[in-house]
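Fold and contact review
The primary structure of each chain is shown beneath.
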Amino acid sequence: MIKIGTDIIEISRIKIFVDKNIKNLTRIFTDLEIKYSFSKKNPYEHFAVRFAGKEAVKKAFTNHLDFRNIEIFNDELGKPNVKVNNIFQKNISISLSHSRYYAVAFVIIN
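Summarised in this report is the structure supplied together with it. (Residues numbered from 1 in each chain as written. Predicted model: local features only at pLDDT ≥ 70, side-chain atom pairs only at ≥ 80, totals over all residues. Heavy atoms only, no water.)

**So, the overall build of the protein**
If you tally the helices and strands in the protein, you get 3 helices and 6 strands. For the protein, the sequential pattern of α-helices and β-strands runs β-α-α-α-β-β-β-β-β. Its C-alpha radius of gyration of 13 Å places the protein within 12% of the 13 Å reference for a compact globule of 110 residues. Dimensions along the principal axes, computed over C-alpha positions, put the protein at roughly 40 × 30 × 25 Å. A total of 110 residues make up the protein; the buried ones form 44% of that total. (Helix = DSSP H or I, 4+ residues; strand = E, 2+ residues; numbered from the N terminus. Rg over C-alpha atoms; globule rule 2.2 N^0.38 Å. Buried < 20%, exposed > 50% of the residue type's maximum accessible area, 1.4 Å probe, protein only.)

Dropping the structure here:
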């Protein structure tokens, strides 16, 4: 059975969250995601698209996952991938995109 999940979020909402919770980002994001996002010129876009990715994964799974158990990472070519409970998920395809105002993610689980 194929499962899908999608999510869209306003980048401004994530900016507010990040700015207010700079010390508590690990409640949602892994250390790798935080380091990656802050290495970018506009980290809020990268936090937002990773948040959307986590939400899309959660929607595709039937059981409840904690945000910290989902990690969105890029391979050496820049392609986004997913780890769940620290295990690379070959059966999860994820697409991430963002514009100036919105971030969106789409997930397919085979």
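**A few points about the sheet that holds strand β6 (residues 102–109)**
Strand order in the open sheet formed by 3 strands is β1-β6-β5, and the pairing between neighbours is antiparallel. Of all strands in the sheet, those with a lone pairing partner are β1 (3–10) and β5 (92–98), marking the two edges. Mean inter-strand twist for the sheet, computed between neighbouring axes without regard to direction, equals 10°. In the sheet, β1 pairs with β6 via 8 bridges, with the strands oriented antiparallel. Following the sheet pairing, I4 is matched in β6 by I108. Along the sheet, helix α1 (residues 11–20) makes contact with β1, β5 and β6, crossing β1 at roughly 75°. Together, β1, β5 and β6 form the strand contacts of helix α3 (residues 43–60), whose direction differs from that of β1 by roughly 150°. (Pairing = 2+ DSSP bridges. Axes fitted to C-alpha atoms, helices over the stretch in contact; angles between N-to-C directions. Contact = heavy atoms within 4.5 Å.)

**Overview of the pairing of strand β2 (residues 70–74)**
Of all the 5 residues making up β2, 4 are buried; the element is thus mostly covered by neighbouring parts of the structure. Linkage of β2 to strand β3 (residues 80–84), two consecutive antiparallel strands, is achieved through a turn of 5 residues, within which G78 is found at a positive phi near 95°.

**What to know about the packing of aromatic side chains**
A full pass over the atoms with the stated rule returns 4 aromatic pairs. Note on F38 and F47: the rings are 5.1 Å apart at their centroids and 75° apart in plane angle, and the pair reads as edge-to-face. The buried category is assigned to F47, whose relative accessible area is 0%. Between F73 and F88 the ring centres are 6.0 Å apart and the planes differ by 70°, which places this aromatic pair in the edge-to-face class. Taken together, the positions of F73 in strand β2 and F88 in strand β4 (residues 87–88) put the pair 15 residues apart, joining distant regions of the chain. Judged by its relative accessible area of 16%, F73 is buried. A residue is classified by how much of its surface remains accessible, and F88, at 39% relative accessible area, is partly exposed. Here a set of aromatic residues connected by ring pairs shows up, and it is made of F29, F38 and F47. Across from the ring centre of F67, 4.3 Å away, lies the NZ or CZ of K58, which sits over that ring. (Phe/Tyr/Trp six-rings, centres within 6.5 Å; stacked < 30°, edge-to-face > 60°. Lys NZ or Arg CZ within 6 Å of the ring centre and 35° of its normal.)

Don't take any of this as a statement about function, it's just geometry.
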